[in-house]
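Each chain, letter by letter, is given below.
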Amino acid sequence: MRELFDQDRAMTLGAVKQATAILAVIFFIAAVFAVLSGLGWIFKGHIFTGLSRIVASFAVLGFMYVVVRFLGEILAASHRLNDRLSILGDDLRTQRSKVPASDTEA
């Protein structure tokens, strides 16, 4: 169980995408319940209240989805940038031996 919540290990790109997908499913389920709740209000005879609940819940859930999606994309971009910078740092730290140019005159 320690491996799942290990703070020393970097989060993989696949884990970020999977977490974003799980949150998208949760937001979709919440939207379904919001629509059903709004339809319940409409069938009770409170049409304006039901429609306003549906619109408001879509606005809030849509905003939360977009924020989570953007944060996931930022985290994925940061992860890719970290990989590129570590490769560049390793390349800069390695010492290269200079090969003397051979004088070949034809």
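Residues numbered from 1 in each chain as written. Predicted model: local features only at pLDDT ≥ 70, side-chain atom pairs only at ≥ 80, totals over all residues. Heavy atoms only, no water.

A. Summary view of the side chain of Ser57. With respect to the helices and strands, Ser57 occurs in helix H2 (residues 47-93). Here the side chain of Ser57 touches Arg53 through a polar contact of 2.9 Å, landing on its backbone oxygen. (Helix = DSSP H or I, 4+ residues; strand = E, 2+ residues; numbered from the N terminus. Polar contact = N/O pair within 3.5 Å; in protein donor to acceptor, adjacent residues only side chain to side chain.)

B. Examining the environment of Ile54 more closely. Looking at the element boundaries, Ile54 is found in helix H2. Sequence separation between Ile54 and Ser37 is 17 residues; the distance between their C-alpha atoms is 7.9 Å.

C. Inspection of H2 at higher detail. For H2, with 47 residues, the first-to-last C-alpha span of 68 Å sits near the 69 Å given by 1.5 Å per residue. Those residues of H2 not exposed but buried are Gly50, Ile54, Ser57, Leu61, Gly72, Ala76 and Gly89. Tucked into the core, H2 has its buried residues touching helix H1 (13-44). (Expected span 1.5 Å × (residues − 1). Buried < 20%, exposed > 50% of the residue type's maximum accessible area, 1.4 Å probe, protein only. Contact = heavy atoms within 4.5 Å.)

D. Here's a closer look at the packing of H1 against H2. Where H1 meets H2, the axes come as close as 8 Å, and the angle between the chain directions of the two elements is 175°. Taken together, the axes of H1 and H2 lie roughly antiparallel to each other. In terms of residue class, the contact of H1 with H2 is made up of 22 nonpolar, eight polar and five charged. (Axes fitted to C-alpha atoms, helices over the stretch in contact; angles between N-to-C directions. Parallel < 35°, antiparallel > 145°, perpendicular 65-115°, else oblique. Nonpolar A, V, L, I, M, F, W, Y, C, P; charged D, E, K, R; others polar.)

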